[in-house]
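# Coordinate inspection notes
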Amino acid sequence: MGTYTIVVLPGDGIGPEVTEQAVRVLHEIGERYGHTFQSHQALVGVSAIEAEGQAISDATMQLCQKSDAILFGAIGGIPRYEGSSSQERPERALLRLRKELELFANLRPIRPFKALLNASSIKQEVLQGTDLLVVRELTGGLYFGKPSEIRETPQGLEAVDTLLYTEREIDRIVRVAFELARGRRKKITSVDKANVLSSSRLWRHIAERVASEYPDVTIDHLLVDTCAMQLVRNPTGFDVIVTENMFGDILTDEAAMLTGSMGMLPSASLGTRRTAHGLFGLYEPIHGSAPDIAGQGKANPIAAILTVAMLLRHSFGLEQEATTIEAAVERVIEAGYRTEDLKEAGKEVIGTQEMGKLIVDAMAA
Ligand code: NAD
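These lines cover the structure that appears in this document, whether it is placed above or below. (Residues numbered from 1 in each chain as written. Predicted model: local features only at pLDDT ≥ 70, side-chain atom pairs only at ≥ 80, totals over all residues. Heavy atoms only, no water.)

### Looking at the overall build of the protein
What the protein contains, in helices and strands, is 12 helices and 14 strands. In terms of C-alpha radius of gyration, the protein reaches 21 Å, essentially the compact-globule figure of 21 Å for 365 residues. Expressed along its principal axes, the backbone C-alpha trace of the protein runs to roughly 60 × 50 × 45 Å. The proportion of buried residues among the 365 residues of the protein is 53%. Within the protein, residue pairs in contact and separated by at least 24 positions form 75% of the contacts whose partners lie at least 6 positions apart. Carbon and sulfur atoms provide 51% of the accessible area of the protein, an area that totals close to 15900 Å². A distance of 3 Å separates the average location of the 38 positive side-chain charges in the protein from that of its 49 negative side-chain charges. (Helix = DSSP H or I, 4+ residues; strand = E, 2+ residues; numbered from the N terminus. Rg over C-alpha atoms; globule rule 2.2 N^0.38 Å. Buried < 20%, exposed > 50% of the residue type's maximum accessible area, 1.4 Å probe, protein only. Contact = heavy atoms within 4.5 Å. Areas by Shrake-Rupley, 256 points an atom, 1.4 Å probe, with all protein chains shown as cover. Lys, Arg positive; Asp, Glu negative; His and termini not counted. Charge placed at Lys NZ, Arg CZ, Asp CG, Glu CD.)

### Considerations on the packing of helix α1 (residues 15-33) against helix α10 (residues 302-314)
The N-to-C vectors of α1 and α10 enclose an angle of 40 degrees; their axes lie 8 Å apart at closest approach. Comparing the axis directions of α1 and α10 gives the class oblique. As for the relative orientation of α1 and α10, their crossing is right-handed in sense. Each of V18, Q21, A22, V25, L26 and I29 in α1 lies in contact with α10, whose residues at this interface are A304, I305, V308 and L312. Among the residues making up the contact of α1 with α10, the classes are represented as 9 nonpolar, 1 polar and no charged. (Axes fitted to C-alpha atoms, helices over the stretch in contact; angles between N-to-C directions. Parallel < 35°, antiparallel > 145°, perpendicular 65-115°, else oblique. Left-handed = near helix turned anticlockwise from the far one by under 90°. Nonpolar A, V, L, I, M, F, W, Y, C, P; charged D, E, K, R; others polar.)

### Overview of the site of the ligand
Around the ligand lies a shell of 20 residues, among which G77, E82, G288, A290 and N300 are the nearest. A distance of 2.9 Å separates an oxygen atom of the ligand from a polar backbone atom of I75. The contact in question runs from a nitrogen atom of the ligand to an N or O atom on the side chain of H287, over 3.3 Å. Protein burial of the ligand: of its 810 Å² of free accessible surface, 68% is covered by the chains. Of the residues belonging to the shell around the ligand, the class tally is 9 nonpolar, 7 polar and 4 charged. (Near = heavy atom within 4 Å. Polar contact = N/O pair within 3.5 Å; in protein donor to acceptor, adjacent residues only side chain to side chain.)

### Some points on helix α6 (residues 167-182)
Helix length check: α6 (16 residues) gives 23 Å between terminal C-alpha atoms against 22 Å at 1.5 Å per residue, within 8%. Listed in full, the buried residues belonging to α6 are E169, I170, D171, R172, I173, V174, V176, A177, F178, L180 and A181. (Expected span 1.5 Å × (residues − 1).)

### Some remarks on unusual backbone geometry
Residue P147 follows K146 across a cis peptide bond; omega there is 5 degrees. Structurally, the position occupied by P147 is in strand β6 (residues 145-153). In this structure, E102 is a non-glycine residue whose phi angle is positive, near 50 degrees. Not every positive phi belongs to a glycine, and K186 is a case in point at roughly 65 degrees. Examined against the element boundaries, K186 turns out to sit in the loop between α6 and β8 (187-192). For K186, a relative accessible area of 33% puts it in the partly exposed group.

### Remarks on the sheet that holds strand β12 (residues 279-285)
The strand order across the open sheet formed by 10 strands is β2-β1-β3-β12-β11-β4-β5-β10-β8-β9, and the pairing between neighbours is mixed. Only two strands of the sheet have a single neighbouring strand rather than two, namely β2 (36-41) and β9 (218-223). Geometrically, the sheet is characterised by an average inter-axis angle of 25 degrees between neighbouring strands, direction not taken into account. Strand direction decides the pairing type here: strand β5 (residues 132-137) and strand β10 (residues 240-243), joined by 4 bridges, are parallel. Considered in β10, the bridge of R136 is made with T243. (Pairing = 2+ DSSP bridges.)

### Points about the pairing of β9
Pairing geometry for β8 and β9, over 6 bridges, is parallel. In the sheet register, I188 faces β9, and the bridge partner there is I219. What joins β8 to β9 is helix α7 (residues 198-211), and the crossover it makes is right-handed. (Right-handed = clockwise from strand over helix to strand, strands pointing away.)

### Things to note about the packing of aromatic side chains
Under the criterion given, the structure shown has 5 aromatic pairs. Judged by centre distance (5.7 Å) and plane angle (75 degrees), the rings of Y165 and W203 are edge-to-face. Highlighted residues: Y165 in the loop between β7 (156-162) and α6 and W203 in helix α7, separated in sequence by 38 residues. In this pair, the class of Y165 matches that of W203, namely buried. Among the aromatic residues, ring-to-ring pairing joins Y4, F37 and F316 into one connected group. (Phe/Tyr/Trp six-rings, centres within 6.5 Å; stacked < 30°, edge-to-face > 60°.)

### Section: the nonpolar core
Formed by 70 residues in total, the largest nonpolar core has its most connected members in L107, V135 and L312. Among residues more than four places away in sequence, those in contact with L107 are L133, V134, V135, V176, L180, P266, S267, A268, L270, M310 and H314. In terms of nonpolar packing, the next biggest core, distinct from the first, is built from 21 residues, V7, A55, I70 and A93 among them. (Core = buried A, V, L, I, M, F, W, Y, C linked by side-chain atoms within 4.5 Å.)

### Remarks on the pattern of salt bridges
Under the defined criterion, the tally for this structure stands at 29 salt bridges. The residue R108 makes a salt bridge to D253 at a minimum N-O spacing of 3.5 Å. Of the two residues, R108 sits in strand β4 (residues 105-110) while D253 sits in helix α9 (residues 245-256), which places them 145 residues apart along the sequence. Overall, the relative accessible area of 9% leaves R108 in the buried class. (Salt bridge = Lys/Arg side-chain N within 4 Å of Asp/Glu carboxyl O.)

Pasting the structure below:
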């Protein structure tokens, strides 16, 4: 039993709809296991720009700094804020959160539900048994290195981006991967491009150094191109994949498609700060604000609900509570209930709220 402080940032579009169901599940867990989850809701994204003038206000940032974890919905999707003419863009909220809270480790678990194996474009027999976790470095590498610019030269335009990694950045992300592997099947695949890139050669060197402190975990190194191929050829061969920012960006989208729908996948971004309960983190579904279905009660809330399971597991160490949520989701899917994105002949299509209610009810089973 414990008392935990969570900032809830529902955001825009379907964000508030799916987050409402996630919070419902969180409070059900609180009641069932005797925990107190003090949740504070705040604006983020377009709704925050319109009400507070910023995609995330200083006051909301302070609230986040003091919390034990953040539950995030989705942002964006309003056309007048997508153009370059708009000064304040909704995405700034996520970038500010990641940067100021040092959320350097992005975790994306990929475990297709048995009953949904035919929702993927990959053959069932290849997918069966897939259970992998991608750990992506989130605050370094090519997306942050300077210089990054297009410039004029006497010979015409040229462009440069900088892929910089420090020993410290590599060490801390690889360490997160090893710690997580210890709670899983104890197998790490470190992905790089060491045959070409200096940053990858340093990555491999540091990964080996960290590995020597974890003799109970095995480590393999794979070139990123080979990894991309193996993910669709033999996804069951992976346990934990750890990689740098851009490789992770691309590989996680590829891996996401193993599960079929965007509406099914949660993610976690872990920081450096330790709270009284564990590691501080931000938890969000991988999907965006889905403006095409917003406000219609059609959104699949399962990704958002599974982020609650990740939050309980990774930031609060509440494994049993996390498993209770995941098992309830699986039961509802196996019973044949689907939101529209997973529509299948012979299965019942239900709305966002009903899916949330069924999952809460299934937690009692
Ligand atoms: P999206 O993820 O919002 O939607 C892609 C497609 O998947 C749409 O057809 C949508 O209806 C469907 N979809 C997504 N989530 C679903 C769910 N839970 N249930 C059922 N269907 C679902 O991506 P997009 O359309 O490219 O982007 C829309 C907006 O969201 C953009 O402004 C983009 O910048 C933003 N975005 C935000 C985040 C975030 O908040 N982290 C992430 C990605 C995109």
